[in-house]
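Chain by chain, the residues:
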Amino acid sequence: MNKINHIKFLRSKTFKHVNDKFYLLKKRIRAGIIGIGNCFAGLLQGIEYYKTTKNHVTGVIHEKIKHYSIFDIDFVSGFDVGKNKIGQKLSDAIYQSPNLVNWVPHNKMPETQAIVHEAPVLDGVGKWVQKQINPIKNAKTLDCIEDEIKKTLKKTKTEILVSYLPVGSDLATQFWAKICLDTNTAFVNCIPSFVASDQKWAHKFITKNIPIIGDDIKGQIGATILHRTIAKLCNDRGTEIKNMYQLNVGGNTDFLNMREYERLTSKKISKTDSVQSQLDKKLPSHRIHVGPSDYVPFLENTKLMFLRIMGNQWANIPYTIETQLKVDDKANSAGIVVDAIRLAKLSLDRKIGGPIFPACAYLMKHPPKQMSDNEAMASVQNFINNVH
Ligand SMILES: NC(=O)c1ccc[n+]([C@@H]2O[C@H](COP(=O)([O-])OP(=O)(O)OC[C@H]3O[C@@H](n4cnc5c(N)ncnc54)[C@H](O)[C@@H]3O)[C@@H](O)[C@H]2O)c1
């Protein structure tokens, strides 16, 4: 190798100084995706958007996590059940119905090598979204699909799996958590089916020393972070919160799926606990209502959140706060998942397994250990800087 090529080679790699030795770290991150829906479409198109804009990356919490930028993530495998997505390249599948994200036109999206593979349907498809998703009928046995998935993960060298399954996919989540345990793959669980925050599952990840970050993504500027922040403010300023509600409406399949109330139990727990955790004293359940509330098709990926907090301040004098948030729900999710993937990779590099507590608390609604958002932010920074 001549000198110039050698310098180019060295620049493409990163060295880490550990115990007075330099280790060469692989700089790329190999992620796989479960559920090629709107959230993943927003993640892939968002990264492409930044590639084509000349400015530095704005709109993310961390431009770099150690040496990992958002451009170091390669999506090397994908899994879904939609007939129109299976077999397609990821870069094509993200534009298939019922996905709605179109920030980068399809013909401007570079082709990915990775294709979408068949996943087991299990409890992934709810009754309201059945027609829109048009799922395959798995012809193979579950063992056979499991075997194929494991081969795909090995062949594609997938090191982190991100779950974007629909709300209510408890069995499917357990299936994928087990796949991660069997294949030594890190897990980022973006949905409210509890794994990282479930003691039994967390223990399994600890025992096998596999990183897990979960559960249920806390959007970048979403209903949860806003509600937590305002509720904590009212709490910390010494007022007494009497009642509060958070109503959400949206027009994508995520919201349509959540019309099926039986699928919502863990979502309500996740969202409600997240807010309650910021109060010195929890509100009785009949005084707090937090939930996805309705599906309004023309809103598409726009989510509207209506928040009302009623309380008493000095001398028992009442006050009311009303806030409305209008936000693109998919930008909200992608802005957090780019950090979750890079923090999972950092954990793999450092051979740290089990729930990654700082990342879970900062990025997820239902972590194994709740913190205030300021505390969680500082603890993520310490984790990145390897300060204990
Ligand atoms: N801000 C946010 O968008 C946000 C925040 C928190 C949590 N989440 C959660 O992230 C998840 C993904 O959201 P989305 O908007 O991408 O949903 P979506 O409905 O657009 O996509 C879900 C995808 O999963 C696929 N799927 C269904 N069953 C499957 C199975 N058994 N195996 C593999 N794939 C299956 C569907 O075909 C679809 O492609 C939802 O659970 C949502 O609640 C999103």
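Residues numbered from 1 in each chain as written. Predicted model: local features only at pLDDT ≥ 70, side-chain atom pairs only at ≥ 80, totals over all residues.

### Examining the domain arrangement of the protein chain
- On domain assignment, one finds that the protein chain holds domain 1 (29–219 + 331–384) and domain 2 (223–329).
- For domain 1 and domain 2, the distance between their C-alpha centroids amounts to 25 Å.
- With 28 residues of domain 1 in contact, the opposing surface of domain 2 contributes 28 residues.
- Tallying contributions element by element places helix H11 (residues 329–349) first for the side of domain 1 that touches domain 2, with three residues. (Domains from an automatic or database assignment. Contact = placed C-beta atoms within 7 Å. Helix = DSSP H or I, 4+ residues; strand = E, 2+ residues; numbered from the N terminus.)

### Looking at helix H5 (residues 142–155)
- For H5, which comprises 14 residues, the first-to-last C-alpha distance of 20 Å matches the rise-based estimate of 20 Å (1.5 Å per residue) to within 8%.
- Inspection of H5 places Ile149, Thr152 and Leu153 among the buried residues, and these make up the whole buried set. An end-on view of H5 places all buried positions within 100° of arc, on one side of the element. Pointing more than 90 degrees away from the buried face of H5 are the exposed residues Asp143, Cys144, Asp147, Lys151, Lys154 and Lys155. (Expected span 1.5 Å × (residues − 1). Buried ≥ 20, exposed ≤ 12 C-beta atoms within 10 Å, placed from the backbone. Arc of directions from axis to C-beta.)

### What about unusual backbone geometry?
- The omega torsion across Ser97 and Pro98 is 5°, close enough to zero to call that bond cis.
- You can see Pro98 is positioned in the loop between helix H3 (90–93) and strand S7 (116–118).
- Within the chain, Lys157 stands out as a residue other than glycine whose phi angle is a positive 55°.
- Relative to the elements of secondary structure, Lys157 occurs in the loop between H5 and strand S8 (160–163).
- Positioned with a positive phi, Asn209 is a non-glycine residue whose angle comes to about 55°.
- The exposure class assigned to Asn209 is partly exposed, which follows from the 13 C-beta atoms found within 10 Å.

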